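As a plain string of letters, each chain reads:
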Amino acid sequence: MTRETVNSICKSLPGADWSDPFGPGHDVWKVGDKIFAAMGAVTEGVSVKTPDIETAAMLIDAGVGTKAPYFHRSWVLLPLDAGRDELTHRIHRSYALIRASLTKKAQAALAPFDPDA
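Residue numbers restart at each chain and count upward from 1, following the sequence in its written direction. With the structure being a predicted model, the display of local features is reserved for residues of pLDDT at least 70 and the display and counting of side-chain atom pairs for 80 or more, all residues being used for whole-chain, interface and lining totals. Side-chain numbers come from the whole structure's heavy atoms, not from hydrogens or water.

Here a strand is any run of E in DSSP of at least two residues, a helix any run of H or I of at least four, and the numbering for each starts at the N terminus. For the chain, the count of helices and strands is four helices and six strands. Along the chain, from the amino end to the carboxyl end, the secondary structure elements read α-β-β-β-β-α-β-β-α-α. Radius of gyration means the value over C-alpha atoms here, while the globule rule gives 2.2 Å times the residue count to the 0.38 power. The C-alpha radius of gyration computed for the chain amounts to 13 Å, which stays within 12% of the reference 13 Å derived for 117 residues, consistent with globular compactness. Expressed along its principal axes, the backbone C-alpha trace of the chain runs to roughly 35 × 30 × 25 Å. When accessible area is computed with a 1.4 Å probe and restricted to protein chains, residues below 20% of their type maximum are described as buried, those above 50% as exposed, and intermediate ones as partly exposed. Within the chain, the fraction of its 117 residues that count as buried is 39%. By definition, residues are in contact when any of their heavy atoms lie within 4.5 Å. Across the chain, contacts joining residues at least 24 apart in sequence account for 46% of those joining residues at least 6 apart. Just so you have it, the chain exposes about 6,500 Å², and 57% of that area is on carbon and sulfur atoms. A distance of 7 Å separates the average location of the 13 positive side-chain charges in the chain from that of its 14 negative side-chain charges. Surface exposure here means Shrake-Rupley accessible area, sampled with a 1.4 Å probe, where a residue is shielded only by the protein chains that are shown. Here Asp and Glu are counted as negative and Lys and Arg as positive; His is not counted, and neither are the chain ends. The atom standing in for a charge is NZ when the residue is Lys, CZ when it is Arg, CG when it is Asp and CD when it is Glu.

And the structure:
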């Protein structure tokens, strides 16, 4: 996987916006001004949100990812060499979690999304 692949996955999600608030080389994806995926300038991977600290710990213990630097313990850093299916699944789940935290009005303004599709 490459940064371009991760960016392509993120770009395909309804209402997803790219920004680089931390400077050049950082790719941050948001929905409704809330981050759902981030890639740093140095670390080779993408940070994504999980439902809770326990899920993040399970993914870290299973070797799927590592602790995401600078993020809450419910976030994990997935290496870019993870399989496309795994990256897509985790990015979609992160997006769905963040999207669900938006106001009902903000959610209604977005195109439908099924994380299991």
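Let's pick the thread back up.
Attention shifts here to helix H1 (residues 3-11). Turning to H1, its buried residues are Arg3, Thr5, Val6, Asn7, Ile9 and Cys10. Those residues of H1 that are buried lie in contact with strand S1 (16-19), strand S2 (27-31), strand S3 (34-39), strand S4 (45-49) and helix H3 (84-100).

Before going further, it helps to spend a moment on the packing of aromatic side chains. Put simply, two rings from Phe, Tyr or Trp (the six-membered ring, in Trp's case) pair if the centres are within 6.5 Å, and we call them stacked under 30 degrees between planes, edge-to-face over 60, tilted for the rest. The full count for this structure, using the stated rule, is three aromatic pairs. Measuring from centroid to centroid gives 4.5 Å for Phe71 and Trp75, while their planes differ by 25°, and the two rings are stacked. By relative accessible area, which is 22% here, Phe71 ends up partly exposed. Arranged with centres 4.8 Å apart and planes meeting at 80°, the rings of Tyr95 and Phe113 form a pair that is edge-to-face. With Tyr95 in helix H3 and Phe113 in the segment after helix H4 (104-108), this residue pair connects regions lying 18 residues apart in the sequence. Take Tyr95: its relative accessible area is 0%, and that puts it in the buried class. Three or more aromatic residues joined by ring pairs make a cluster, and in this case those are Phe36, Tyr95 and Phe113.

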